[in-house]
Amino acid sequence: MFSLGRRLSLCAGLLRPQAALADIGTDHAYLPVWLARQGRISRAVAADVRPGPLKYARRNIERYGVGEIVSARLSDGLSAIRPEEADDIVMAGMGGLLITRIIAQAPWLKNSTKHLILQPMTSVEDLRRFLSQEGFAVCREQAVSEEGHIYTVMLCIYDSPGRVTGELYPYIGILKADTEDNRLYLLREMKRLQDRARGLQLEGNQVNAERLLRIRGRIQAMFPRQE
């Protein structure tokens, strides 16, 4: 049996026991197959918009004998998934703007019984802003490093009283400097903010440059002080 990488392992850890899973952009269906073999889900739809990966997903489902639990389905986002088929929805390894589009096109996700486990590869700021504007709270978030890159995985629930906003939120979500991977993520965001501020200064946009530098300073203050 194969093992999951760090990103998918973190996604798996955020699923509820015996949830009905929809894995969107499943690729080779590694996540639902692994979860089914571990007895951690009741059923799953492994969905992808591309026929090629779905062919390999079906092969893996058959190879590991989980066909009674996992089915493969051609679907553009959640368009071919019925609300009653999914309690927990995973969207991992895709761009943040694509995740935004998929959520926007599935209004049935605005239901507090549905859990979204999101692992965006790009445009994380845009995704966080969208989630906040649409009423989704990030209830748990953890950074994870894999193959020299650093990512974030977030558990989101609609209309949760714990919804966070504010000037730091688009850049770091609810991450704290309490793990090595989280600190790496925060350091990366500090560098990005510094670089963007420098570009704004060169353009003569001092007001926005100072705003980004202020945000960077607030992130830096999250790190424990060295004695």
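Report follows, based on the coordinates. Please read these numbers as outputs of a predicted model, since none were measured by experiment.

## Quick notes on the sheet that holds strand 6 (residues 136-146)
Part 1 of the reasoning: In space, the 7 strands of this open sheet follow the order 3-2-1-4-5-7-6, with mixed pairing throughout. Strands at the two margins of the open sheet, each flanked by one partner only, are strand 3 (70-74) and strand 6. Pairwise comparison of adjacent strand axes, ignoring direction, gives a mean angle of 20° for this sheet.
Part 2 of the reasoning: Of the strand pairs in this sheet, strand 1 (residues 19-24) and strand 4 (residues 88-94) are connected by 4 bridges, and their pairing is parallel. When the sheet's bridge partners are listed, aspartate 23 is paired in strand 4 with valine 90.

## Comments concerning the packing of aromatic side chains
Part 1 of the reasoning: Evaluation of the coordinates by the stated rule reveals 3 aromatic pairs.
Part 2 of the reasoning: On the basis of an interplanar angle of 65° and a centroid distance of 5.1 Å, the ring pair of phenylalanine 2 and tyrosine 30 is categorised as edge-to-face. Note that phenylalanine 2 is positioned in the segment before helix 1 (6-13) and tyrosine 30 in helix 2 (residues 30-37), a separation of 28 residues in sequence.
Part 3 of the reasoning: Classification of tyrosine 30 by relative accessible area gives partly exposed; the value is 36%.
Part 4 of the reasoning: Relative to tyrosine 64, the ring of phenylalanine 2 lies with its centre 5.3 Å away and its plane at 80°, an arrangement referred to as edge-to-face. Here tyrosine 64 lies in the loop between helix 3 (51-63) and strand 3 and phenylalanine 2 lies in the segment before helix 1, a separation of 62 residues in the sequence. Each member of the pair, phenylalanine 2 as well as tyrosine 64, is classed as buried.

## A word on the packing of helix 7 (residues 180-202) against helix 8 (residues 206-220)
Part 1 of the reasoning: Interhelical geometry of helix 7 versus helix 8 gives an angle of 165° and a closest axis separation of 8 Å. Comparing the axis directions of helix 7 and helix 8 gives the class roughly antiparallel. Crossing handedness for the pair helix 7 and helix 8: left-handed. On helix 8, the residues touching Leu186, Met190, Leu193, Gln194, Arg196, Ala197, Leu200 and Gln201 of helix 7 are Gln206, Asn208, Ala209, Leu212, Leu213, Ile215, Arg216, Ile219 and Gln220.
Part 2 of the reasoning: Split into classes, the residues belonging to the contact of helix 7 with helix 8 amount to 10 nonpolar, 5 polar and 2 charged.

## Quick notes on the pattern of salt bridges
Part 1 of the reasoning: Applying the stated criterion across every chain yields a total of 20 salt bridges.
Part 2 of the reasoning: Its salt-bridge partner being aspartate 27, residue arginine 50 comes within 3.5 Å of it at the nearest N-O pair. Placement of the pair is arginine 50 in the loop between strand 2 (41-48) and helix 3 and aspartate 27 in the loop between strand 1 and helix 2, with a sequence separation of 23 residues.
Part 3 of the reasoning: Under the relative-accessibility criterion, arginine 50 is labelled partly exposed at 41%.

## Some words on unusual backbone geometry
Part 1 of the reasoning: Phi angles above zero are rare outside glycine, and serine 123 is one such case at about 50°.
Part 2 of the reasoning: Look at glutamate 147: it is not a glycine, yet its phi comes out positive at around 55°.
Part 3 of the reasoning: With respect to the helices and strands, glutamate 147 occurs in the loop between strand 6 and strand 7 (149-158).

## Focus on the pairing of strand 5 (residues 115-120)
Part 1 of the reasoning: Of all 6 residues that make up strand 5, 6 are buried, and the element is covered over most of its length.
Part 2 of the reasoning: Burial of strand 5 is two-sided: the residues His115, Ile117 and Gln119 facing one way and the residues Leu116, Leu118 and Pro120 facing the other way are all buried.
Part 3 of the reasoning: With 6 bridges joining them, strand 4 and strand 5 adopt parallel strand pairing. Each bridged residue has a counterpart across the sheet, and for valine 90 the counterpart in strand 5 is isoleucine 117.
Part 4 of the reasoning: Considered for its hand, the β-α-β crossover made up of strand 4, helix 4 (residues 96-104) and strand 5 is right-handed.
Part 5 of the reasoning: As paired strands, strand 5 and strand 7 are joined by 4 bridges and run antiparallel to one another. Counted as the bridge partner of leucine 116 is cysteine 156 from strand 7.

Conventions we followed
- Residues numbered from 1 in each chain as written.
- Predicted model: local features only at pLDDT ≥ 70, side-chain atom pairs only at ≥ 80, totals over all residues.
- Heavy atoms only, no water.
- Pairing = 2+ DSSP bridges.
- Helix = DSSP H or I, 4+ residues; strand = E, 2+ residues; numbered from the N terminus.
- Axes fitted to C-alpha atoms, helices over the stretch in contact; angles between N-to-C directions.
- Phe/Tyr/Trp six-rings, centres within 6.5 Å; stacked < 30°, edge-to-face > 60°.
- Buried < 20%, exposed > 50% of the residue type's maximum accessible area, 1.4 Å probe, protein only.
- Parallel < 35°, antiparallel > 145°, perpendicular 65-115°, else oblique.
- Left-handed = near helix turned anticlockwise from the far one by under 90°.
- Contact = heavy atoms within 4.5 Å.
- Nonpolar A, V, L, I, M, F, W, Y, C, P; charged D, E, K, R; others polar.
- Salt bridge = Lys/Arg side-chain N within 4 Å of Asp/Glu carboxyl O.
- Right-handed = clockwise from strand over helix to strand, strands pointing away.

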